[in-house]
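Each chain, written out:
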Amino acid sequence: MKNLQRRSAALLLLLSLAALPGLACAFEAIDTLPWPSTGAFPAYPREADRATDFWVHAGARREDNALRTETAEQSDTITRVGAGIRHETRVIGRQRVRLEARGDYYKYDRFTALDNFSYSLAGNWLWEIGNQLSGSLVAGYDRRQADIGETQADRLDMVKTGRVAATAGYLVTPGFRVRGGLAGTRAERSDFLEPETRAQTVTIGADYVSPLANTVGIEYRATSGEAPFTVAVAGIGLVSNDYRERELSLVATYALGTQLRTGLRLGRTLREYDQVSGRDFDGTTGRASIDWLPGNKTLLGFEAYREPRSIIDVAASHDVISGVAFGPRWAMTSKMVLSARLVRERRTRDGDPALTVGATLRDEVSHLWRFGLGWEPQRFWQLGLAVDRGERESNVPGRDYQYTAVMGNLAYNW
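Attention in this report is confined to the structure presented alongside it. Counting restarts for each chain: residues are numbered from 1 in the order of the written sequence. In keeping with the predicted nature of the model, local features appear solely for residues at pLDDT of at least 70, side-chain atom pairs appear and are counted solely at 80 or more, and the whole-chain, interface and lining totals rest on all residues. Hydrogens are left out, water is left out, and the side-chain values use all remaining heavy atoms of the structure.

### What about the overall build of the chain?
Reasoning step 1: Helix and strand assignments follow DSSP, with helices taken as H or I runs no shorter than four residues and strands as E runs no shorter than two, numbered in order from the N terminus. From N to C terminus, the chain includes four helices and 20 strands.
Reasoning step 2: By residue count, 44% of the 414 residues in the chain fall in the buried class.
Reasoning step 3: We call two residues contacting when some pair of their heavy atoms lies within 4.5 Å. For the chain, contacts bridging at least 24 residues in sequence account for 58% of all contacts bridging at least 6. In this scheme, a residue with accessible area under 20% of its type's maximum is buried, one over 50% is exposed, and one in between is partly exposed, where area comes from a 1.4 Å probe on protein chains only.

Okay, here's the thing in C-alpha cells:
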C-alpha cells in the first residue's frame, strides 16, 4: 500500500511532465539538482523531515539564441526571482496532506515582451482506511510561458493548466491488489487558434505484490479528449480534434535492495479522432526506467519511452514522442553535487489532420546536453550553476536551431 501511496503522491508531478518543453527557459537544470541535504543519496540521509519548507531564490540565465530561431540568432539575459512553500502534515490518524505553492518572475533584458510571472499550486490528500484501503485526492494549477521552441517569436504566450485526480487501491490479499483512478486536465493557451483542451481519464488495474513490495500487473486506461475550437484544413474544411484513447499495458516495478530500482510500462495504445480518422494512432507504447546506485554517493538513471502525447505548446492534436535519456548524479561531499542529463528525443506530428491531404509530416529530432553543479556552503544556502546545450533538426524549414545557455541561482531554503 505504501508503494501505491507513493505512486499516487507523484501523480500530479507525472501529469505535469507533459509541460516540460516550456520549462527549458525556467532554470530546469538548477531546479532539478539532487541536493544531498534532501536525502537524495544513501550516504547523506536527511536529518529529519520538516513539516514546512520555505524558500526564496534569485538567478540569471544567459543564452545565445533566446528565441530558438534558425537564422539571426539573438542572445539575451533572463533574470528570475521567486519564492515557494511546501507543507506536509498528518491531519488525523493516518490521513496526511501535502501542499505546495511557488511563484517566479522572469525578466528579459532584450525581449521585454516575454517578461512574465509564472506560478504553480498543488495539493495532495493521502488517505487510508484500515490496512487494506488507501489512495489520494490531487489538485493542481500552473501558469507558465509556452515553449519558446514552438513560438520562436518575441511574443508572450501563456499556458494555464488545471489538474484534478483521485486514486484508490485495495489489498484483497497481502499479495494481490486492485486499484483505480480518475483524472482530469484542462489547458488554455493565450495566443493559439485552439486555446483550450480538456481530457478525462479512467484507470483500472490489478497487481501482484511480492513480500518485498515488488509488483507486476496489468492496467487499462481510457481517455476522452476535447478541443472545442475547430481548425481549418485546406481541402477538408473545419476539423475537430476531439479524440478517444485506450491503452492496455503491463506494468511492473522491481527493487534489488537499495542499489537497483526499475519501472516498466509496456502496452498497446489506440487513439481515434472523431473526424479525419486517417491520423489515428495504433501502436506499441511504453516507458522503462532504471535507477542504479553503484555506490552510496552515485546514482545513474536511464530512461526510454514512446507514446502519443497532446502538448498544447505544439497543437491540440498529438505528436508521437520517442526518446532515451541518461542522467548521472554524484554527491562529491555532503555539500556538493554534480549532475548531468543527456537526452535524444524524436517527435513526429502524425496527429495533424492536414496529413490526409498530402501535407508534410513534421519530423524533428532534439538533443540536450546538460551539466549542473550544486553547492551548499552552509545550512539553508544553495548555490546552483549549470550549462545547457541543445539543438533541433527538423524537416520543416525554419525550425532548426541550436543554443547554449549558462545559468546560476542562489536560494535560501529553511
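### Section: the pairing of strand E15 (residues 298–310)
Reasoning step 1: Two strands form a pair only when DSSP identifies at least two bridges running between them. Judged from the eight bridges that link them, strand E14 (residues 281–295) and E15 form a sheet pairing that is antiparallel. Counterpart to Arg 287 in the pairing with E15 is Tyr 305.
Reasoning step 2: Where E14 folds back onto E15 in an antiparallel hairpin, the turn is made up of two residues.
Reasoning step 3: Both E15 and strand E16 (residues 318–333) contribute to a ladder of 13 bridges, which runs antiparallel. Note that in E16 the partner of Arg 306 across the bridge is Ser 322.

### Thoughts on the pairing of E14
Two faces belong to every sheet, and in a regular strand the side chains alternate between them.
Reasoning step 1: Two elements, strand E13 (residues 260–273) and E14, share twelve bridges in a ladder whose sense is antiparallel. Residue pairing across strands places Arg 265 opposite Arg 287, the latter belonging to E14.

### A look at the pattern of salt bridges
Reasoning step 1: Here, a salt bridge means any side-chain nitrogen of Lys or Arg that lies within 4 Å of a carboxyl oxygen of Asp or Glu. By the definition in use, this model includes 41 salt bridges.
Reasoning step 2: For Asp 207, the salt bridge identified is with Arg 177, shortest N-O distance 3.2 Å. Here Asp 207 is found in strand E8 (residues 196–209), whereas its partner Arg 177 is found in strand E7 (residues 176–189), with 30 residues between them in sequence. The two residues Asp 207 and Arg 177 agree in class, both being buried.
Reasoning step 3: Across the pair Arg 370 and Asp 388 runs a salt bridge, and its minimum N-O distance is 2.8 Å. Of this pair, Arg 370 sits in strand E18 (residues 363–375) while Asp 388 sits in strand E19 (residues 381–394), and the two are 18 residues apart along the sequence.
Reasoning step 4: For Arg 370, a relative accessible area of 7% corresponds to the buried category.
Reasoning step 5: Three or more residues joined by partner-sharing salt bridges are found here, namely Arg 177, Arg 179, Asp 207, Glu 219, Arg 221, Glu 247 and Arg 265.

### Considering the side chain of Thr 69
Reasoning step 1: Here Thr 69 shows up in the loop between strand E1 (52–63) and strand E2 (76–92).
Reasoning step 2: By relative accessible area, Thr 69 is classed as buried at 18%.
Reasoning step 3: At a separation of 3.0 Å, a polar atom in the side chain of Thr 69 contacts the main-chain carbonyl oxygen of Thr 71.
Reasoning step 4: Excluding its chain neighbours within four sequence positions, the residues that come into contact with Thr 69 are Gln 152, Asp 400 and Tyr 401. N or O atoms closer than or at 3.5 Å make up a polar contact, with two conditions inside protein: a donor-capable atom paired with an acceptor-capable one, and, for residues adjacent in sequence, both atoms drawn from side chains.

### Quick notes on the nonpolar core
Reasoning step 1: In this text, buried Ala, Val, Leu, Ile, Met, Phe, Trp, Tyr and Cys residues form a nonpolar core when linked through side-chain atoms within 4.5 Å. With 15 residues, the main nonpolar core has Ile 30, Tyr 106, Tyr 108, Phe 111, Leu 114, Ala 386 and Met 407 as its most contacted residues.
Reasoning step 2: Of all the secondary structure elements, the ones that give two or more residues to this core are helix H3 (28–31) and strand E3 (95–108).
Reasoning step 3: When near neighbours in sequence (up to four residues on either side) are disregarded, Ala 386 contacts Ala 29, Ile 30, Phe 371, Gly 372, Ala 405, Val 406 and Met 407.
Reasoning step 4: Counting eleven residues, the second largest nonpolar core, distinct from the first, contains Ile 321, Ala 325, Tyr 403 and Ala 405.

### Side note on a nonpolar patch on the surface
Reasoning step 1: A residue counts toward a patch only above 30% relative accessible area and without a salt bridge, and it is joined to like-charged neighbours within 9 Å or, for Val, Leu, Ile, Met, Phe, Trp and Tyr, to nonpolar neighbours within 5 Å. Residue burial considers only the protein chains on display, and all accessible areas are found by Shrake-Rupley using a 1.4 Å probe. A cluster of nonpolar side chains, Leu 182, Val 202, Ile 204, Ile 218, Tyr 220 and Leu 248, forms an exposed patch at the surface whose accessible area comes to about 540 Å².
Reasoning step 2: Of all elements in the fold, only E8 and strand E9 (215–226) reach the threshold of two or more residues within the nonpolar patch.
Reasoning step 3: Among the secondary structure elements, Tyr 220 is positioned in strand E9.

### A short note on the packing of aromatic side chains
Reasoning step 1: Pairing of aromatic side chains here covers Phe, Tyr and the six-membered ring of Trp, requires ring centres within 6.5 Å, and sorts the geometry by plane angle: under 30 degrees stacked, over 60 edge-to-face, intermediate tilted. Scanning all chains against the criterion turns up ten aromatic pairs.
Reasoning step 2: Residues Phe 302 and Phe 326 carry aromatic rings whose centres are separated by 5.0 Å and whose planes lie at 25° to one another, so their mutual orientation is stacked. Taken together, the residues Phe 302 in strand E15 and Phe 326 in strand E16 connect sequence positions 24 residues apart.
Reasoning step 3: Three or more aromatic residues link up through ring pairs in this structure, and these residues are Phe 54, Phe 380, Trp 381, Tyr 412 and Trp 414.
Reasoning step 4: Sitting over the face of the ring of Tyr 401, Arg 68 holds its NZ or CZ atom 5.9 Å from the ring centroid.
Reasoning step 5: Directly above the aromatic system of Tyr 273 lies the positively charged group of Arg 279, at a separation of 3.9 Å from the ring centroid. Placement of a positive charge over a ring is assigned whenever Lys NZ or Arg CZ falls within 6 Å of the ring centre and within 35 degrees of the normal to the ring plane.

### Comments concerning the side chain of Arg 271
Reasoning step 1: Note on placement: Arg 271 falls in strand E13.
Reasoning step 2: For Arg 271, a relative accessible area of 2% puts it in the buried group.
Reasoning step 3: At 2.5 Å, the side chain of Arg 271 forms a polar contact with the side chain of Ser 310.
Reasoning step 4: Setting aside residues up to four positions removed in sequence, Arg 271 forms contacts with Tyr 243, Arg 244, Glu 245, Asp 280, Phe 281, Pro 308, Ser 310 and His 318.

### Notes on the environment of Lys 160
Reasoning step 1: With respect to the element layout, Lys 160 can be found in strand E6 (residues 158–173).
Reasoning step 2: Spatially, the C-alpha atoms of Lys 160 and Arg 143 are 4.5 Å apart, while their sequence positions differ by 17 residues.
Reasoning step 3: The residues contacting Lys 160, other than those within four sequence positions of it, are Tyr 141, Asp 142, Arg 143, Arg 186, Ala 187 and Glu 188.

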